Amino acid sequence: MHDLDKYHTGYFDYLEQPENATRYTPAIDQLRRFHHPAPLRVLDLGCGAAVLAHYLDEDDTYTGVDHDPIGLARAHHRKLRPAVRFHQDDTVRFLDEQINHSNTWNVVVVAGVLFHNIDTRTGNHHDDLAFLARCLDVLEPTGHLSIIAPFAYTDDERSDWFVQARWKHSTIAPLLDGLGEAHLVAEITSRQLGLERRLAAQTTPPDWFVSDAATAPTSPYHGHYLATLTLIVELTQR
Ligand SMILES: C[S@@+](CC[C@H](N)C(=O)[O-])C[C@H]1O[C@@H](n2cnc3c(N)ncnc32)[C@H](O)[C@@H]1O
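The present account deals with the structure reproduced in this document. Starting afresh in each chain, residues are numbered from 1 along the sequence in its written order. Only residues with pLDDT of at least 70 are given local features in this predicted model, and only at 80 or more are side-chain atom pairs given and counted; all residues enter the totals for whole chains, interfaces and linings.

## Comments concerning the sheet that holds strand β2 (residues 61–66)
Read from one edge to the other, the open sheet built from seven strands follows the order β3-β2-β1-β4-β7-β9-β8, with strand pairing classed as mixed. Each of the sheet's edge strands pairs with one partner strand only, and the pair in question is β3 (83–88) and β8 (182–191). The mean angle between the axes of side-by-side strands here comes to 20°, regardless of whether they run parallel or antiparallel. C-beta atoms are placed from the backbone for every residue, and two residues are taken to be in contact when these atoms lie within 7 Å. Axis definition: a line fitted to C-alpha atoms, limited for helices to the stretch in contact. Angles are taken between N-to-C directions and run from 0 to 180 degrees. Strands here are runs of E lasting at least two residues and helices are runs of H or I lasting at least four, both read from the DSSP assignment and numbered beginning at the N terminus. Set on the sheet, helix α2 (residues 69–76) makes contact with β2 and β3; between it and β3 the angle comes to about 165°. For two strands to pair, DSSP has to find at least two bridges joining them.

## Points about the pairing of β2
Here β2 lies mainly inside the structure; five of its six residues are buried. Here strand β1 (residues 41–45) pairs with β2 via five bridges, running parallel. For R41, the partnering residue across the bridge sits in β2 and is T61. In terms of strand pairing, β2 meets β3 through six bridges, oriented parallel. Each bridged residue has a counterpart across the sheet, and for V65 the counterpart in β3 is H87. Handedness of a crossover is defined as follows: orient the strands so they point away from the viewer, and if the path from the first strand over the helix to the second runs clockwise, the crossover is right-handed. For the handedness criterion, the β-α-β arrangement of β2, α2 and β3 is classed as right-handed. Any residue surrounded by 20 or more other C-beta atoms within 10 Å of its C-beta is treated as buried, while 12 or fewer makes it exposed and the intermediate range makes it partly exposed; C-beta atoms here are placed from the backbone.

## Topic: the packing of helix α4 (residues 128–137) against helix α5 (residues 161–179)
Viewed as axis vectors pointing N to C, α4 and α5 meet at an angle of 55°, and their least axial separation amounts to 10 Å. If you check the angle between α4 and α5, you find them oblique. Note on packing geometry: the crossing formed by α4 with α5 is right-handed. Taken together, the residues of α5 that come into contact with α4 (itself represented by D128, L129, L132, A133 and L136) are L175, G178 and L179. Residues are grouped as follows: Ala, Val, Leu, Ile, Met, Phe, Trp, Tyr, Cys and Pro are nonpolar; Asp, Glu, Lys and Arg are charged; every other residue, Gly included, is polar. Split into classes, the residues belonging to the contact of α4 with α5 amount to six nonpolar, one polar and one charged. Angles below 35 degrees are treated as roughly parallel, those above 145 as roughly antiparallel, those between 65 and 115 as roughly perpendicular, and all remaining angles as oblique. Left-handed describes a crossing whose near helix is turned anticlockwise from the far helix by less than a right angle; the clockwise case is right-handed.

Quick look at the structure:
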């Protein structure tokens, strides 16, 4: 399915289900510890419907960027407590502009965007390493970049939770090594328990959702359950 069809077909409905909150809550908990008592000033790249903003406090601020007008329209309808700003823009174009203006945040979040960061002008994926390097360029010296990456798993031993978590880690770790100027300070896996009931009821279930857990996965991306790997990175030169 084309990426810009995923909100209006219901494909992305699961992102807004309460069972999926654990893709954000461990990151927010850790980031609060790192930044306490300063409020979080969050830049959420590929924010979609801005679900993350639900987990912020009144003192925090939130800037969401997404190229999808339907995802952003949903975000606008949310009753959000922190001060929020939204930009309908491409992640990389937005970052380049912020770098030119020397704008910075103390938290940059990239949730479900790595490997899916598409430039709609060309139809091609942005280069993930160059994208992450730009994310570091808009971090305050003591700021943190949170990379939140979902992965599917099944009961099958070839793609159970630990196997898939390790596989997900191994797809992201080389990118972090390539960044050089930043290092990992926290890594968390969390499971979205009970989400599969919601997924089965969606009008358009996501294509990674294998409805029968007993079915051997046909691709390493497929699974019946959802989990998330959260990586928190800080700048080495502070
Ligand atoms: C899997 S969704 C995750 C949404 C949100 N971060 C969440 O976890 O609820 C990926 C999001 O990235 C957005 N996206 C992908 N490539 C983008 C780009 N180059 N510029 C802006 N948004 C992009 C999509 O429109 C979509 O909303």
